[in-house]
Amino acid sequence: FGSYYCQPGRDVIVHLFEWKWTDIERECQWLADHNYCGVQVSPPNEHRIVTDPPYPWWQRYQPVSYTMNSRSGSETQFRNMVTTCNNLGVYIYVDGVLNHMTGGGSGTGSDGNSFDGDSLQYPGVPYGPNDFHGSDDCSTSDGEIHDYNNPTEVRNCRLSGLRDLDGSANYVRDVEAEFANRLIGWGVAGFRLDACKHMWPGDLEAILGRLNQLNTQWFPAGRNAYIYQEVIDLGGEAVKATEYTYLGRVTEFKHGQNLGNVVRKNNGQRLANLVNFGEGWGQLSGFDALVFIDNHDNQRGHGAGGFGTILTFFEANMYKIATAFELAWDYGHVRLMSSYNWPRNIVNGVDTNDWVGPPTNGGGDTKDVECFNGEWICEHRWREMYNMVRFHNVAIGNPVSNWWDNGFQAIAFGRGNRGFIFINNEDFAITQTLQTGLPGGEYCDVISCDNNRPPCGNSGGACRATVIVNGDGTATFDVPNGENPMIAIHV
Ligand code: ARE
Ligand code: CA
């Protein structure tokens, strides 16, 4: 389940966090035009509606049933989105929450089904007390996970109070697989599976073993759904990411943590150290890794956050440097984050507004997306991002070549005869002649210019470099420091 299907020359997926289905359906044309492979969407099934705090983003991670009315829209809207996007060759990856249902308390979910987390009743499924882990399975006095060094506790006790499903039960496996197969039947291409650390690999295997192959209206016959599992493994715990790689890919949280530390120059880190980045840094095999600079949790201090480490749109310049490296380098399957804005307010290492949901028309009613209006950030539409997605696509299949560094914060490398990037994270400009490996000719810097073919589009005067590659592959780079201190060229 670790191999994914993209249109030729596409590879990167983007998480359109908390977008409505109608907005994603509209965005797929732009994503197709800019060569994105697909979209990760927020959990589409019925969820709890939380009013205290008011309508937080995390209410989506408290399932009430597997019917399809959510804050992002209705079943019809979801299916229309999948059809439209698939017809454009942009594929949909669903965030699947299979470990648990809601926390304690009772109420009515986003599709009108009642639930009672205290008596473990979810009639919209239906699930009852026998479908959950109980005191036979979990031995902590309050039923909560406390000790991440005890693998049984991590799998059988509750993650922050969330009612923990018994994945060993055939009924639970059947219900969850039926849900996934319904989505696959509509044309969904795969799943980000939430909280897999808290599920036994064998239980996941049993669910995945029940999955249908992808819909042949859009995918070649015999293709499995693409599975990437959320397991936070920064080392030092009982549960390891490698326990899950036989099933599919795993989120590699060390990747964003490492690149955040390097670009911030934390603890004397240098860009030059990236020469063996990836497996050489103790990360998973690139073929097992789903990688990202930040995700919806750690950009706000949840799940393996760290405000002095993880880079986000709030630090746009460093974020672009880290993302450009990630997209130019040859490691893992890259997922970009596309965020909404919120009034981040860090007090003693905690964001007091970490719960704030997407832009709203009032209450739980999400606003239509309008990129760059100060509410929707749309990182995937930043020129530096989508032009580096193109670089990434052009370079597929070509290993890193012609590495150069100055021993400190300046590096450059190519990807065979396809592309070359120079990153200058020093406090001074650099002029340097290097072998690029590229065919001779005139190239545009895609970091600052709209396109890669002279005359370079000048995006309101931002376009600053035409690079001449000589017949022998050498070129002289004049790389500024400060804002966007990079030059990237590709065929
Ligand atoms: C909310 C409230 C809680 C309340 C609960 C139940 O915030 O106070 O007790 O509801 O009423 C998200 C939010 C949670 C939210 C939850 C449900 O982040 O705050 O709880 O939705 O609404 C661990 C897991 C990892 C998980 C992170 C957050 O291992 O799987 O915690 N990440 C996924 C999603 C989250 C989501 C959930 C799981 C739950 O990406 O968005 O939670 O569906 C170390 C460990 C990690 C651990 C981390 C944090 O780094 O190595 O394994 O991550 O600490 O504890
Ligand atoms: Ca569990």
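Residues numbered from 1 in each chain as written. Chains lettered and ligands numbered in written order. Predicted model: local features only at pLDDT ≥ 70, side-chain atom pairs only at ≥ 80, totals over all residues.

For the protein, the name recorded in an unreviewed UniProt entry is alpha-amylase, with Eisenia fetida as its organism. A UniProt comment under Catalytic activity (unreviewed entry) is attached to the protein, and it reads "Endohydrolysis of (1->4)-alpha-D-glucosidic linkages in polysaccharides containing three or more (1->4)-alpha-linked D-glucose units." (UniProt positions renumbered as here; feature names shortened; annotations may be inferred.)

*Asks:* Quick question: what am I supposed to make of the UniProt feature "binding site: Ca(2+)" (unreviewed entry) in the protein here?
*Replies:* Mapped onto this numbering, the UniProt entry annotates "binding site: Ca(2+)" (unreviewed entry) at N99, R155, D164 and H198. These residues run over 100 residues, yet every pair of their C-alpha atoms falls within 8.9 Å of each other. Looking at where R155 falls in the secondary structure, it is placed in helix 3 (residues 151-156). Summarising the element assignment, H198 is placed in the loop between strand 6 (190-193) and helix 5 (201-208). (Helix = DSSP H or I, 4+ residues; strand = E, 2+ residues; numbered from the N terminus.)

*Asks:* It is not clear to me how the site of ligand 1 should be interpreted in this structure. Could you clarify?
*Replies:* Close to ligand 1 lie 20 residues, the nearest being W58, Y61, G103, A195 and G303. Its residues placed into classes, the shell around ligand 1 shows nine nonpolar, six polar and five charged. (Near = placed C-beta within 6 Å. Nonpolar A, V, L, I, M, F, W, Y, C, P; charged D, E, K, R; others polar.)

*Asks:* I tried to follow the environment of T76 on my own but got confused; where do I start?
*Replies:* Inspection of the secondary structure puts T76 in helix 2 (residues 75-87). The class for T76 is exposed, based on 11 C-beta atoms found within 10 Å. For the pair T76 and W21, spaced 55 residues apart in sequence, the C-alpha separation works out to 9.5 Å. (Buried ≥ 20, exposed ≤ 12 C-beta atoms within 10 Å, placed from the backbone.)

*Asks:* Looking at this model, I keep getting lost on the nonpolar core. Mind explaining?
*Replies:* Nonpolar side chains tend to gather and get buried jointly when the protein is soluble and globular. Within the largest apolar cluster, 131 residues are counted, with the highest numbers of intra-cluster contacts made by V39, I92, A324, I421, I487 and A488. Examining the composition of this core, we find that seven residues originate from one element, helix 7 (residues 316-328), more than from any other. Of all hydrophobic cores here, the second largest spans five residues; its members include C138, V154, C157 and V239. (Core = buried A, V, L, I, M, F, W, Y, C linked by C-beta atoms within 7 Å.)

*Asks:* Just to check I follow, could you spell out the packing of helix 1 (residues 21-33) against helix 2 for this structure?
*Replies:* A pair of packed helices is characterised by two quantities: the angle between their axes and the separation of those axes. One way to put it is that helix 1 packs onto helix 2 with a least axis distance of 9 Å and a crossing angle of 10 degrees. The angle between helix 1 and helix 2 falls in the class roughly parallel. Between helix 1 and helix 2, the contacting residues are W21, T22, I24, E25 and C28 on the first element and Q77, F78, N80, M81, T84 and C85 on the second. Of the residues contributing to the contact of helix 1 with helix 2, the split by class is six nonpolar, four polar and one charged. (Axes fitted to C-alpha atoms, helices over the stretch in contact; angles between N-to-C directions. Parallel < 35°, antiparallel > 145°, perpendicular 65-115°, else oblique. Contact = placed C-beta atoms within 7 Å.)

*Asks:* How do you make sense of the sheet that holds strand 14 (residues 410-415) when you look at a structure like this?
*Replies:* Pairing is antiparallel across the open sheet formed by four strands, whose spatial order is 13-14-15-20. Each having just a single partner strand, strand 13 (400-405) and strand 20 (486-490) make up the two edges of the open sheet. Strand-to-strand, the axes of this sheet are offset by a mean angle of 10 degrees, without reference to chain direction. One ladder, built from six bridges, connects strand 14 with strand 15 (residues 419-424); its direction is antiparallel. Opposite A412, over in strand 15, you have F422 as the bridge partner. Against the sheet, helix 7 contacts strand 15 and strand 20, and its axis sits at roughly 150 degrees relative to strand 15. Strands strand 14, strand 15 and strand 20 of the sheet are contacted by helix 8 (residues 383-395), whose axis makes an angle of about 45 degrees with strand 20. (Pairing = 2+ DSSP bridges.)

*Asks:* Would you mind showing me how to read the pairing of strand 18 (residues 466-469) here?
*Replies:* A regular strand places its side chains on the two faces of the sheet in alternate fashion. Burial of strand 18 is one-sided: the residues V467 and V469 facing one way are buried, the residues T466 and I468 facing the other way are not. Sheet analysis places strand 17 (residues 441-444) next to strand 18, joined by four bridges and oriented antiparallel. By the bridge assignment for strand 18, Y443 is matched with V467.

*Asks:* Please explain unusual backbone geometry as it appears in this structure.
*Replies:* With glycine set apart, most residues show a phi of negative sign, and most peptide bonds adopt trans. Of note, the bond from D52 into P53 is cis; its omega dihedral lies within 30 degrees of zero at 0 degrees. Cis rather than trans, the peptide bond between V125 and P126 has omega equal to -5 degrees. Along the chain, P126 turns up in the loop between strand 5 (114-116) and helix 3. Non-glycine residue N402 carries a positive phi angle of around 50 degrees.

*Asks:* Which parts of the structure should I look at to understand the environment of F179?
*Replies:* Structurally, F179 can be placed in helix 4 (residues 170-186). The exposure class assigned to F179 is buried, which follows from the 22 C-beta atoms found within 10 Å. The spatial distance from the C-alpha of F179 to the C-alpha of Y66 is 6.4 Å, given a sequence separation of 113 residues. In this structure F179 touches N45 and Y66, once residues within four positions along its chain are discounted.

*Asks:* Where do I start with helix 8 in this structure?
*Replies:* Side chains that are three or four residues apart share a direction in an α-helix, a result of its 3.6 residues per turn. Relative to the 18 Å expected for 13 residues at 1.5 Å per residue, helix 8 spans 18 Å between its end C-alpha atoms, a close match to the ideal helical length. Among the 13 residues that make up helix 8, eleven are buried, leaving the element largely enclosed by the rest of the structure. Those residues of helix 8 lying buried are E384, M385, Y386, N387, M388, V389, R390, F391, H392, N393 and A395. In the core, the buried residues of helix 8 are packed alongside helix 7, strand 10 (333-338), strand 14, strand 15 and strand 20. Following helix 8 by one or two positions, G397 adopts a phi angle in the positive range, close to 90 degrees. (Expected span 1.5 Å × (residues − 1).)

*Asks:* Would you mind showing me how to read helix 7 here?
*Replies:* Between its terminal C-alpha atoms helix 7 stretches 18 Å, which fits the 18 Å expected from 13 residues at 1.5 Å a residue. For helix 7, the tally of buried residues reaches ten of 13 residues, placing the bulk of the element in the interior. Residues Y319, K320, I321, A322, T323, A324, F325, E326, L327 and A328 constitute the buried set of helix 7.

*Asks:* Looking at this structure, I do not really get the pairing of strand 13. What am I missing?
*Replies:* Sheet topology places strand 13 next to strand 14; four bridges connect them, and they run antiparallel. Its bridge partner lying in strand 14, V400 is registered against R415. Here strand 13 hands over to strand 14 after four residues, with G407 in that stretch at a positive phi of 85 degrees.

*Asks:* In this structure, what is going on with the packing of helix 6 (residues 253-264) against helix 7? I would like to understand it.
*Replies:* In contact at an axis separation of 10 Å, helix 6 and helix 7 are set at 125 degrees when each is read in the N-to-C sense. On the basis of the axis angle, helix 6 is oblique to helix 7. Read as a crossing pair, helix 6 and helix 7 show a hand that is right-handed. Two secondary-structure elements touch here, helix 6 through L259, G260, V263 and R264 and helix 7 through M318, I321, A322, F325 and E326. Its residues placed into classes, the contact of helix 6 with helix 7 shows six nonpolar, one polar and two charged. (Left-handed = near helix turned anticlockwise from the far one by under 90°.)

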